[in-house]
Structure formats: C-alpha cells, structure tokens
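Structure at a glance
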Amino acid sequence: MHDFARSVVDWYHANRRDLPWRRDGFTPWGTLVSEFMLQQTPVTRVIPRLEEWLTRWPTPAALAAVPPGEAVRAWQSLGYPRRALWLHAAAVAITEQHDGVVPEDVDALLALPGIGDYTARAVAVFAYGNRHPVVDTNIRRVIARAIDGQAEPGPPGKRDLAAMEALLPEDRAASAAFNAGMMELGAIVCVARTPRCDACPVAARCAWRQAGYPAYDGPKKAVQKRYEGSDRQVRGRILAELRGSHIPVTAAELEAVWPDAAQRDRALAGLLADGLAVAAEGGYTLP
DNA sequence: CAGGCGTGGAC
DNA sequence: TGTCCAAGCCT
C-alpha cells in the first residue's frame, strides 16, 4: 500500500465517527436505504429517518408490500422525494428479481432505479466489502486538492473513477477502509469552506498546500437558483399537503397553498408526471 | 449534458 | 438577507 493510502486508512481507523451504518450487523438493505437518504442530504438529518424506516421496513420485501405513497409519506422532509419513489421501486425489483436480497454486483445495482455510479459502488463496498473505487463529492474534493493541487474538483466525469482506482490499495479490506477514509476525510477535515489542514493526515503530502493554496481557476459551477418562490418550493408545498392527508386533497385546498395559479398548475403537473401524485376521486393523493 | 429536482443549517 | 453547501440521479 502506498504511503498516501496508508495514512488515510490509519487516520480513518482512529477517527471514524460512530454512525448507524457502521455498526456491526448493519444489513445490506440498511446500507442501501442509508445511501439513498444520504444523496444530497446531510448525515444529521438522515439518522432519525433511517432508524424509523428500518424499524418499519426491515427488509426490501416489507417496503415492497406497501404502496409507494407510504414511502413518500415516511420520507417526510428529507428532500428530493423522488428518491423515496425510486427506493420503493428498487425494493420491488429486489423482491421480485433478486429473491429479496440486495445485489452485490455493481452492474446489477446500477440497473435498479435511483442507483447511479456512486450508490452502486457504495453498496458493493460498504455492505459487501468488495473492492471498487467509490467516488462522491467528498472524495472528488480530496483528490482535487491532495493529488491535483486544485482548490476544487472540475466537472464530474468517468476519469474520477480512474483517479480513485489509481490510489486504491490492492487488499480488499484496506480498499474498503480507504474508500470510507477518503469520504470521512472530505466530510470532517478537507471540507468545502474552511479545510482543517492542521488535523489532516496527508497535509505534508498535499499538492494544494504545497502549491500555496492557489485559488480555483477551472470552469465555473452552475449557480443554484433561489429556492424561495421557485417551482421546487411549490412542489414541496403541494406534496406536504398530500403527505398530511389520508383522503384526496381537493383543487380548492391546493389553491390555498400557493396563490399563483399558473405556477401551481405547473408544479402539480410535474408531480403527476413524476408519479409523486395521482388524480383521485375529488382531488389528488399520494400514489 | 445542462438543468431540474427539496430542505435546512452555517456563515 | 443572500449564498453556499450537503454520501446524486435522471432526462
């Protein structure tokens, strides 16, 4: 193992946070659910929802047995509720096509709804201990800085997987610890805004530090539109209304959640198209 | 492939 | 207040 990987692995074993998905006996299904929830959502907000979900639906078959709307309701305010729909659909596929067992093959995982390059490898590695490069936003940032000497990663691409593969230890257990360690490093030390280089195990080897912390000069990232007043906010308001009701929500009731009719209609049409809402007798409900 | 997709905390 | 950011994915 190279010195860089060894430093990260040693640091990880000494500094890893005690998180639910790192407990002994945590199931592959638990890992899958946690990874869905962690897509773009902070750890602290995920933990309580995860506990609820796994208590209620301890297996893929348990989730597959209820209507998808129950998953959307239990998703509460984690955000990006299409993930709840996709997770439910994945549970159905696992139940029907994989005998209720979460696959450990990356390609089989990639074939499931809502699972992309990151989640497929995260499950294969963290649930099953297989040797694959895992690349998330934390790891992209750590590699950009420590290896490439840049303040921020460039646009994501397949080359990210190759860059991580080049660093990955050959040993299976060490590779899993390296993946987890790189993510942990990016999450609590090499953070986006104010990196804590004084606590970094690879500071002495960091290309960005050695270069004097040059400012980022690559292509600009797309600026996120403001949320206040956006279609996203309207979708969120409408969906909250549907989550809170066990009978159809009428069009008149929806008028009360957002005054702009055109925007409200657009948001509702989007929810219907996404399958997050369905037309029912007298109004709309969760699917 | 650029843009759409939630929500809330930190600064 | 506004801006940035958070274990991405889909079209």
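Worth saying up front: this structure is predicted, and the values here are computed from it rather than measured. (Residues numbered from 1 in each chain as written. Chains lettered and ligands numbered in written order. Predicted model: local features only at pLDDT ≥ 70, side-chain atom pairs only at ≥ 80, totals over all residues. Heavy atoms only, no water.)

**Describing the side chain of Arg145**
The residue Arg145 is located in helix 9 (residues 137-147) in this model. The side chain of Arg145 is buried and forms no salt bridge, while Glu152, the nearest opposite charge, is found at 6.7 Å. A polar contact of 3.0 Å, which involves the side chain of Arg145, links it to the backbone oxygen of Ala151. Every residue in contact with Arg145, bar those within four places of it in the chain, is listed here: Gln150, Ala151, Cys190, Val191, Ala192, Pro195, Cys206, Ala207 and Trp208. (Helix = DSSP H or I, 4+ residues; strand = E, 2+ residues; numbered from the N terminus. Buried < 20%, exposed > 50% of the residue type's maximum accessible area, 1.4 Å probe, protein only. Lys, Arg positive; Asp, Glu negative; His and termini not counted. Salt bridge = Lys/Arg side-chain N within 4 Å of Asp/Glu carboxyl O. Polar contact = N/O pair within 3.5 Å; in protein donor to acceptor, adjacent residues only side chain to side chain. Contact = heavy atoms within 4.5 Å.)

**Considering the UniProt feature "domain: HhH-GPD" (unreviewed entry) in chain A**
Feature annotation in UniProt assigns "domain: HhH-GPD" (unreviewed entry) to the following positions: residues 37-188. As annotated, residues 37-188 has a helix share of 64% and a strand share of 0%, and its two end C-alpha atoms lie 19 Å apart. (UniProt positions renumbered as here; feature names shortened; annotations may be inferred.)

**Observations concerning the domain arrangement of chain A**
If you check the domain split of chain A, you get domain 1 (1-17 + 133-223), domain 2 (28-126) and domain 3 (231-279). Here the C-alpha centroids of domain 2 and domain 3 sit 25 Å apart. Taking both partners together, domain 2 and domain 3 bury about 730 Å²; carbon and sulfur atoms supply 59% of that area. At the surface where domain 2 touches domain 3, the tally comes to zero salt bridges. Connecting domain 2 to domain 3 are three residue pairs in polar contact (both at pLDDT 80 or more). Where the side of domain 2 that touches domain 3 is concerned, the elements lending two or more residues are helix 5 (68-75) and helix 6 (82-97). Per-class residue counts for the side of domain 2 that touches domain 3 are four nonpolar, one polar and two charged. (Domains from an automatic or database assignment. Buried area = accessible area lost by both parts, 1.4 Å probe. Nonpolar A, V, L, I, M, F, W, Y, C, P; charged D, E, K, R; others polar.)

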